[in-house]
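Residues per chain are reported as follows:
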Amino acid sequence: MKFKNIKTISITLFVIFFALAVNSFAQTQDDITKGKMDGEQDAKEDVSSILWIGVGCCTGGFSWLYPEIFDLSVPQTKIVGKSADYMQAYIASYRAEKKSKIQTNSCIGGGIYWGVSVVYVVLVAASVNK
Amino acid sequence: MSKVLIFLLALSIEIFSQNIETCQVKFRRVVNYHSSHDTTSGTIYFKNSNFTIIDIKLPINQILFFGKNDLQIYYPIENKLFNIKSKNPFSLPFFLSFLSVIKEDNGLVEPGFQIYNSQKVDDTLFVFWKPPKNLNNILSKQVMKFCNDKLVFSGSYDLNDKLIVYVIYSDHVKYINTSFPLKIRIVQNSSKNQSIEEIEYFQPMFNEKLPENILYFHLPPTVERKDITW
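Please read all numbers here as calculations on a predicted model, not as lab measurements.

What counts, and where the lines are drawn
- Residues numbered from 1 in each chain as written.
- Chains lettered and ligands numbered in written order.
- Predicted model: local features only at pLDDT ≥ 70, side-chain atom pairs only at ≥ 80, totals over all residues.
- Heavy atoms only, no water.
- Helix = DSSP H or I, 4+ residues; strand = E, 2+ residues; numbered from the N terminus.
- Contact = heavy atoms within 4.5 Å.
- Areas by Shrake-Rupley, 256 points an atom, 1.4 Å probe, with all protein chains shown as cover.
- Rg over C-alpha atoms; globule rule 2.2 N^0.38 Å.
- Buried < 20%, exposed > 50% of the residue type's maximum accessible area, 1.4 Å probe, protein only.
- Lys, Arg positive; Asp, Glu negative; His and termini not counted.
- Charge placed at Lys NZ, Arg CZ, Asp CG, Glu CD.
- Salt bridge = Lys/Arg side-chain N within 4 Å of Asp/Glu carboxyl O.
- Buried area = accessible area lost by both parts, 1.4 Å probe.
- Polar contact = N/O pair within 3.5 Å; in protein donor to acceptor, adjacent residues only side chain to side chain.
- Core = buried A, V, L, I, M, F, W, Y, C linked by side-chain atoms within 4.5 Å.

## A short note on the overall build of chain B
Then, number 1: Within chain B, the secondary structure is distributed over four helices and 14 strands.
Then, number 2: By sequence separation, contacts in chain B at least 24 residues apart represent 43% of the contacts at least 6 residues apart.
Then, number 3: Here chain B has roughly 11,500 Å² of accessible surface; of this, 48% comes from carbon and sulfur atoms.

## A closer look at the overall build of chain A
Then, number 1: A count of helical and extended segments in chain A gives four helices and zero strands.
Then, number 2: When the helices and strands of chain A are read in sequence order from the N terminus, they spell out α-α-α-α.
Then, number 3: Here the C-alpha radius of gyration of chain A, 27 Å, is well above what a compact globule of 130 residues would show, namely 14 Å.
Then, number 4: If you line up chain A on its principal axes, its C-alpha atoms span 110 × 30 × 20 Å.
Then, number 5: Looking at chain A as a whole, 32% of its 130 residues qualify as buried.
Then, number 6: Within chain A, residue pairs in contact and separated by at least 24 positions form 80% of the contacts whose partners lie at least 6 positions apart.
Then, number 7: Put simply, chain A shows about 8,200 Å² of open surface, and 71% of that area lies on carbon and sulfur atoms.
Then, number 8: Charge-centre separation for chain A: the mean point of 13 positive side chains lies 7 Å from the mean point of 11 negative side chains.

## Focus: the pattern of salt bridges
Residues and elements named next belong to chain B.
Then, number 1: One pass over the full model with this rule turns up eleven salt bridges over all chains.
Then, number 2: The salt bridge partner of Arg185 is Glu198, with a shortest N-O separation of 2.7 Å. Placement of the pair is Arg185 in strand 12 (residues 178-189) and Glu198 in strand 13 (residues 194-206), with a sequence separation of 13 residues.
Then, number 3: The class for Arg185 is partly exposed, based on a relative accessible area of 31%.
Then, number 4: The exposure class of Glu198 is partly exposed, given its relative accessible area of 32%.

## Observations regarding the interface of chain B and chain A
Then, number 1: Contact residues are listed per partner, giving 29 residues for chain B and 23 residues for chain A.
Then, number 2: Of the roughly 2,400 Å² buried at the junction of chain B and chain A (both faces included), carbon and sulfur atoms supply 54%.
Then, number 3: Our count for the contact surface shared by chain B and chain A stands at one salt bridge.
Then, number 4: A salt bridge links Lys82 of chain A to Asp38 of chain B, with the shortest nitrogen-to-oxygen separation between them at 2.6 Å.

## Some thoughts on the side chain of Asp158 of chain B
Residue and element names in this part refer to chain B.
Then, number 1: By secondary structure assignment, the location of Asp158 is in strand 10 (residues 150-158).
Then, number 2: Despite its burial, Asp158 remains without a salt bridge, the nearest opposite charge being carried by Lys162 at 5.5 Å.
Then, number 3: Here Lys162 takes part through its backbone nitrogen, which lies 2.8 Å from a polar atom of the side chain of Asp158.
Then, number 4: Look past the residues within four positions of Asp158 in its chain and what remains in contact with it is Ile138, Leu139, Ser140 and Ile164.

## What to know about the nonpolar core
Then, number 1: In terms of nonpolar packing, the biggest core is built from 54 residues, with Ile54, Ile73, Phe95, Phe98 and Tyr201 of chain B touching the most fellow members.
Then, number 2: Top contributing element to this core by residue count: helix 4 (residues 84-129) of chain A, with six residues.
Then, number 3: Discounting residues that sit within four places of it in the chain, Phe98 of chain B has contacts with Cys23, Val25, Phe180, Pro181, Ile184, Tyr201, Pro204 and Phe206 of chain B.
Then, number 4: Listed in part, the eleven residues of the second largest apolar core include Ile53, Phe65, Tyr74 and Leu215 of chain B.

If you want it as structure tokens, here you go:
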């Protein structure tokens, strides 16, 4: 009878600890997922596509290098009251998305610059040949 | 969100530290952004521009130490410290909006804002500010509204004269000659979204000695550190 009680208590404790561990893991995963999503969403809103296409046009696409050279700032107010897991996921995804958006739009701008330049050179060459 | 309080970003906490020695105030901050609704509460301890501590109690335990160009974020339960270094000074828009009333010009003169017009209607005064050159490409004007000498509204207008960010100040409490707003509502309008931040301050204490456990706070030697460049 005594042994049965000890066994029951042990199983109950194990179930409680297991449930707590699972809950803690789930909470961590939730924070990481939320931080990642929020970071991506904020970066998408913070970077102006038109602006970086324009910058890419003016620099021949060399603005692509900008995120490689300079650190990309992250909004500070977004990490106040957030867990360590959320914060790390937020910073990483914010920077990755910001970098990707700047480089993609710089390339589009650079493409426009070089495309227009080639067309211009071809037209000038054609008019000279005439 | 990066345009958080454009005019406040031009300000530095140093501007206000000349007029106040210490400040200790409890706060509750609710942010509504996209579909999320975040509530944070804790206490702000301010001594000077190199000593601002935010002790967050809800939803988690988190302590933020603001230096001039560095920010340390400490998680007491996990015993983890994130040391964030930045080339630019860290700003705290939600606390700056509280402190900004210390100065008559709300600290706008120092970064280069200039008054170009003002109108008084009964006990209400409107003051129109021209932005400095570095904000010329974002802002057309900054408008402030005072009722009975208390700041009640501050709004930033973009180049199309559209109100993009505004702050509503209410429930003022007087300390010496300054009326501090205990309720602040910050609304940011973008083409896609609107974010609303509501901050409520409780029991502000000015020029009183800060608690010893805050003034002489030491991190445990076993703390797990991580460096981040901002």
